[in-house]
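# Structural overview for review
Given next are the chains, with one letter for each unit.
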Amino acid sequence: MFLILHPNSVSLLAYTIYLSFAGSLVLAVLPKGKPALARWLALAVAIAGLALAVQGFIAGMGQGRTVLIDLPWVPSMGIHFLLAADGISRVLVLLTGLAAVAGVLFSWNIELRTNEFFALFLALIGGVYGVFLSFDLFLLFVFYEIAIVPKYFLIAIWGSTRREYAAMKLAIYSFAGSAMVLIGLLAAYTTAGSHSTGLIELAHANLPVSFQMWCFPLVFTGFAILAGMWPFHTWAPTGHVAAPTAASMLLAGVVMKLGAYGCLRVGIALFPRGLDPWGFSFIGIGSWRDVFAVLAVIGIVYGALVALAQTDFKFVIGYSSVSHMGFVLLGLMTLNQIGVTGAVMQMFSHGIIAGLLFAIVGRIVYDRTHTRQLAELETMHLSKRLPFAAWAFVIAGMASIGMPGFSGFIAELQVLVGAWIAKPWWALAAGVGVVVGVAYTWRALQKAFFPDVLPSAHVLEQEHGHELAAITWPEVTGVGLLTGVSLFVGLYPKILLDAIEPAVKALLAGGVQ
Amino acid sequence: MQETISFTPQLAASPIAEMLWLIPAVPMVAAGLAALLMQAKRKTSAVLAIGSMSVSLLLSLVAFAHVVAGWSHGQAVRETVNFTWFQAGTANIDLGWVLDPLSAVMLVMVSFVGLLIFIYSIGYMKDDENFTRFFCFMSLFAGAMLGVVIANSILLLFMCWELVGLTSYLLIGFWYQKPAAAAAAKKAFLTTRIGDVFFLLGMVWLFAQTGTLLFYNNGAGSIEAGALAGLLAQSAALGLTAAGAIGLLIFAGAAGKSGQFPLHVWLPDAMEGPTPVSALIHAATMVAAGVYLIARVYPLMQAGALAGGTTTALTVVTWVGAFTAVFAAMIAVAQNDIKRILAYSTVSQLGYMMAGLGMGGVAVGMFHLITHAFFKALLFLGAGSVIHGCHGEQDVRRMGGLKSDMPITFLTYAIGMLALCGFPLLFSGFWSKDGILEAAQHWSVVKTPFYMLVFGALLTAFYMTRQVTYIFGGHWRGGKPAHESPKVMIVPLAILAFFAMALGLIGTPAWPWFRAFLDGRAASFDLHGFMEPRLLALMGGSALVVFLGLGLGWWLYGDHSPKPSEPDALERMIPPVWAALSDKLYVDELYRVTVIAFYGWLARGADWLDRRVWGGAVAGVAWGFSLGAELNRFLDTNVVDGGFDKGCDELSVGGGLLARIQTGRVQTYLRILALAVVVLVAILFWSNRV
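Residues numbered from 1 in each chain as written. Chains lettered and ligands numbered in written order. Predicted model: local features only at pLDDT ≥ 70, side-chain atom pairs only at ≥ 80, totals over all residues.

## Quick notes on the overall build of chain B
Of the regular secondary structure elements, chain B holds 29 helices and two strands. Within the span of chain B, comprising 690 residues, buried residues form 56% of the whole. Long-range contacts, defined here as pairs at least 24 residues apart, represent 77% of the contacts in chain B between residues at least 6 apart. (Helix = DSSP H or I, 4+ residues; strand = E, 2+ residues; numbered from the N terminus. Buried ≥ 20, exposed ≤ 12 C-beta atoms within 10 Å, placed from the backbone. Contact = placed C-beta atoms within 7 Å.)

Here's what the structure looks like:
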């Protein structure tokens, strides 16, 4: 082992990765038939990861980018095993830690091949930690791929509703995106000629503008596919719906953030000139920046509209993710401090809130009612039978539509201000999405929990003998954790912004610090 | 148009201004504590709520006294306390609160009316199993509303504004087992949110343009002269300046909250909530928040107006207000639900306030807001008392003769009704409404709003007479006989009735105290204020209109109110008009076939696109891959190697990848994945070579 610990305690962050992978390995070889052990072990690993993330976050306050470990890996190509963290990384690692703990809590009732489930779950988490902490392009890409593989199995084995189709769709999209990214990266490496795959070296390599002009859209699109950018978003709803609850939570909560993070950390940081104007414009679009901003705005409105038409509860949430991730991409394309900060904030916020929504729909409701059809839920009188779920969804819905007091409000406000400064009509169009967002959230809420029709006496009688299973402690804890975080950040956004702001500033000022 | 007032810049906020935050905070804390209570702790929850409101009222009175003291020393008080919430880039996201005549007046009104309604609720909600939750939500509402009032930051105002909307949603849907209540709650939330998004965009624009979220900040605030000059210099679309466009966006938010046409549809439905909620939220305070918002940002609305002139934003406010005033009054004529009549009346009166703001300035609109809060709260609580006494009956046709069964309710209700009608001299509504009519008469643009508002006054007197004769006149037409309500409900009625009359005293032309106070001018008592001929003519004319309305109502309904089965008197005279009015002029239906249908169509279209087009594209790509695999297999078996593993057959059976995916096993996908990787690597090699 050649783990070199730097004296500052921030470097403990790197252990989030090792710990998750180690946990995954242990779970894989654990004796079968002891699901409780697997659960507790997974929870312990997830909590330890969260603790490390929190520790790293606190220790990193007021610091810029800190290197956690730097080892030559493939010297002939200049590839390093380089882990580092700046404010953006630390915030997203924190998000991953939270999502991991919540994910385990909401998977407490997994009985089928429990060991393998949690092994894959932790492998996915480890990969995600790795992406957020890699400052070497090649390493980042490796972790990125590592994160994609367990996702496939989680859906294909433990999923529902056309799971094979969804898993395959996800895999095809992911690999297509990866292929685009890889081409871009190899091209950038060759063009830079610096014999280093370090993000910082590449950012300082002064890649020719003409090169950036074609490489930027390639890499950006490749990553944005995983962020659910319209029109490459269709994997997201089907994937979310088919996935088991914890996997939907991770998919929406952190995996989509991998894409958005790549867009920022690699796309924008390495190829900033790719966003320059083309020198001509067509229907108001005169740069790649305009193109992607327009796609983001379309995603916001379109995702919300499609969510409005869904009959499956989980599809509503699935499409809402497309809409909310549109805010992230729009924020990135503002290219100003407040907008990009808002985008990172939205990554965090959406990770928490989408996780909560999927947990309520997938775990708390579906596992008891065995249906996600709004038309069927409408007859089930859930506000009376599952009051906890109803209240939890009211709160989560509030958070999702950007009610002040929750983290989403701060994020969307910043993105809107940033967009207004960049181009007012972006903000206006996104505003339409906000209105429709309220409509689909409340439509789903009313249909699932507070329907306009009272159940008949017959139904009530039937319900009497069939009480729904009681709410369990992991569910209460998970809902409490996620709502608590969203509220805390919504009321005291400074805690994250102090970390995000300087990192965004440095990134926009000319690549990485 | 009023002259610009110069408030002396503040050096340091007084301790009283420093503690202003306590006024909303105390009820909020009470709400938080109540949320932790068990359902059975009914008494504790009521004590918490009422205690916290009393504290807020006390503090509000102290603040009010402070402003009045400063003012009587010839000093217009405007003290602000601002702080930075967080930084966004180079800009500060600031919050803060302001103590000035506007917020002081509103604070006292909200906390006082709120306290009375809380007390009344003890009686009204006595038998409800969720008594504790009720007081928790009510306290939360009060805190949020008081937050709206003191906000000196448009962001803080917006946040409290949304919280107010949330509590309104929770309270309309308080009896959510009732489907109508759940539907009304959703409708209210959605409709007001539409307005709120415009408000949000207006705020974003204002912030992007001026770089500050504060209203007042010693000259650097967003609605102070410096920022306004910048906003006026900036032109937006349609010949508007940025100031005008932002003003209109903010007005859209105000229109949503204050039930202005075309966003008024939620307010009558909101009557599904408990009656104290209707009184506090949907009559006295929250719906007035829109009016208050316009009053708060008045410098922005007014920016660029020449002396005696108006601005586009204010003209829009005026027209929307005047139209709403008449439109809702017409619908109120043909309603039979006691609370719905009052709800449309509220919409109509909010229109008056808006029109008053648009034509007469802050003081004119605000005076009507304050008087209306008292007499409309009185009417709603009176209606609650009637409903309580009639065992839950809400249809005025099934009431009657209650003046002898419920004498005190009748007396106080009559006072509220006369105040609302604007009965001359004795009642506050007369003076506040006349202020608006006077402003309309002098409006520099056209006189049409004046005539509209006069017609609205006629309708108001008419529908209120109809309602009162239905409820209190004639004979009892219901089932179980009615009874008077308990003291805890009656006493608040009496107090409100007193103010419904007495408040007029501070706004007469002889002693325009309220106006002078808000404008920061000295008030003097001068009986000659009455003697101006034009004013006398106006007062006489408006009194005549009120008498005409009362007379018409009495003539049609006075001593022969029909049985529930019989058609209404007006219905017999003009059936088609009646039908249209009782169906609320078909606005809901219009929305159903236009806006809602349009969005439904858009949503289904997008959904279809997603399933067929994008989904199809994916299927196409997958099919392409599978074709490639087929080709590979062909090459492999026939060209490269004759005897290929049998498993490869399985891999590449035709019929499309998707069909296989639905039936296959994990191993198969792994192979496909492996194949995809091979293709990928091939692409990479190829691309690297280039």
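So, next bit.
## Notes on the overall build of chain A
Of regular secondary structure, chain A possesses 21 helices and four strands. In terms of overall dimensions, chain A is globule-like: its C-alpha atoms have a radius of gyration of 22 Å, near the 24 Å expected for 513 residues. C-alpha atoms of chain A, sized along the principal axes, occupy 75 × 60 × 40 Å. Considering chain A as a whole, with its 513 residues, one finds that 65% of them fall into the buried category. Here the analysis covers contacts within chain A between residues at least 6 apart in sequence; of these, 81% occur between residues at least 24 apart. (Rg over C-alpha atoms; globule rule 2.2 N^0.38 Å.)

## What to know about the nonpolar core
Among the nonpolar cores identified, the biggest contains 458 residues, and L329 and L330 of chain A together with A377 of chain B are the most heavily contacted of them. Every residue in contact with L329 of chain A, bar those within four places of it in the chain, is listed here: A224, A227, M229, A260, F292, A296 and G299 of chain A. (Core = buried A, V, L, I, M, F, W, Y, C linked by C-beta atoms within 7 Å.)

## Focus: the environment of V491 of chain B
Positionally, V491 of chain B belongs in helix 21 (residues 487-502). Along the primary structure V491 of chain B and I408 of chain B are separated by 83 residues, whereas in three dimensions their C-alpha atoms are 9.6 Å apart.

## Digging into the interface of chain A and chain B
At the junction of the two partners, chain A supplies 50 residues and chain B supplies 50 residues. Elements with a minimum of two residues in the side of chain A that touches chain B: helix 6 (163-192), helix 11 (288-308), helix 13 (337-369), helix 17 (407-422), helix 18 (424-448) and helix 21 (494-508) of chain A. Here the element with the most residues in the side of chain A that touches chain B is helix 6 of chain A; it accounts for 11 residues. When its residues are assigned to classes, the side of chain A that touches chain B shows 36 nonpolar, nine polar and five charged. (Nonpolar A, V, L, I, M, F, W, Y, C, P; charged D, E, K, R; others polar.)

## Considerations on the pairing of strand 3 (residues 277-282) of chain A
Residue and element names in this part refer to chain A. Across the six residues that make up strand 3, only a small minority, zero, are buried. Looking at chain direction, strand 3 and strand 4 (residues 285-287) are connected through two bridges and run antiparallel. Opposite F282, over in strand 4, you have I285 as the bridge partner. (Pairing = 2+ DSSP bridges.)

## Concerning the confidence of the model for chain B
Residue and element names in this part refer to chain B. When pLDDT is averaged along chain B, the result is 82, and 87% of the positions lie at 70 or above. Residue range residues 1-5 is modelled with pLDDT below 50. Its contacts to residues more than four positions away, or to other chains, number nine contacts. Under a pLDDT of 50 for its full length, residues 642-667 has, in the predicted model, 30 contacts with residues more than four places off or in other chains. (pLDDT = per-residue confidence, 0-100.)

## Observations regarding the packing of helix 20 (residues 448-472) of chain B against helix 23 (residues 533-557) of chain B
Residue and element names in this part refer to chain B. Interaxial distance between helix 20 and helix 23 falls to 8 Å at its minimum, and their mutual angle equals 35°. Note on packing geometry: the crossing formed by helix 20 with helix 23 is right-handed. Of the residues in helix 23, those in contact with V454, A457, L458, L459, T460, A461, F462, T465, R466, T469 and Y470 of helix 20 are S542, V545, V546, L548, G549, L550, L552, G553, W554 and Y557. When the residues that make up the contact of helix 20 with helix 23 are grouped by side-chain class, the tally is 14 nonpolar, six polar and one charged. (Axes fitted to C-alpha atoms, helices over the stretch in contact; angles between N-to-C directions. Left-handed = near helix turned anticlockwise from the far one by under 90°.)

## Describing the packing of helix 18 (residues 407-421) of chain B against helix 21 of chain B
Residue and element names in this part refer to chain B. Contact geometry of helix 18 with helix 21 gives a least axis separation of 9 Å together with a crossing angle of 30°. Taken together, the axes of helix 18 and helix 21 lie roughly parallel to each other. Where helix 18 crosses over helix 21, the two elements pack in a sense that is left-handed. Of the residues in helix 21, those touching helix 18 at I408, T409, T412, I415, G416 and A419 are I490, L493, A494, A497, A500 and M501. (Parallel < 35°, antiparallel > 145°, perpendicular 65-115°, else oblique.)

## Side note on the environment of G202 of chain B
Residues and elements named next belong to chain B. Mapped onto the fold, G202 is located in helix 7 (residues 179-210). A sequence separation of 44 residues divides G202 from I246, and the C-alpha atoms of the two residues are 4.9 Å apart. Apart from the residues within four sequence positions on either side, G202 is in contact with I246, L249, I250 and G253.

## Points about unusual backbone geometry
In this chain, W230 of chain A is followed by P231 of chain A through a cis amide linkage whose omega measures 0°. Looking at the secondary structure, you find P231 of chain A in the loop between helix 8 (209-226) and helix 9 (235-242). A cis amide bond links F261 of chain B with the next residue in sequence, P262 of chain B, at an omega value of 5°. Of note, P262 of chain B is situated in the loop between helix 9 (242-257) and helix 10 (266-269). Positioned with a positive phi, H370 of chain A is a non-glycine residue whose angle comes to about 55°. When you line up the elements, H370 of chain A lands in the loop between helix 13 and helix 14 (374-377). Despite not being glycine, H391 of chain B shows a phi value in the positive range, around 60°.

## Digging into the confidence of the model for chain A
Low-pLDDT stretches of the model should not have their predicted coordinates read in fine detail. On average, chain A scores 86 in pLDDT, and the residues at 70 or more come to 95%. Scored below 50 in pLDDT, residues 1-7 of chain A shows seven contacts in the model against residues more than four places distant or in partner chains.

## Observations regarding helix 13 of chain A
Residue and element names in this part refer to chain A. Between its first and last C-alpha, helix 13 extends 46 Å over 33 residues, near the 48 Å set by a 1.5 Å rise per residue. Where helix 13 bends most, the angle comes to about 30°, and this point is A359. Within helix 13, 29 of the 33 residues are buried, leaving the element largely enclosed by the surrounding structure. Looking one or two residues beyond helix 13, the residue adopting positive phi is H370, at roughly 55°. (Expected span 1.5 Å × (residues − 1). Bend = angle between axes of the 7 residues up to and from the residue.)

## Quick notes on the environment of V344 of chain A
All names here are of chain A. Residue position: V344 is located in helix 13. Given 30 C-beta atoms within 10 Å, V344 falls into the buried group. As for V344 and A293, which are separated by 51 residues in sequence, their C-alpha atoms are 16 Å apart. Residue contacts for V344: discarding those within four places in its chain leaves I88, V91, I500 and V504.

## Here we look at the pairing of strand 2 (residues 91-99) of chain B
All names here are of chain B. Counting buried residues in strand 2 gives seven out of nine residues, a clear majority hidden from the surface. Pairing of strand 1 (residues 79-88) with strand 2, which is carried by nine bridges, proceeds in the antiparallel orientation. Following the sheet pairing, F83 is matched in strand 2 by L95. Where strand 1 folds back on strand 2, the antiparallel hairpin that results is connected by two residues, among which G89 adopts a positive phi of roughly 65°.

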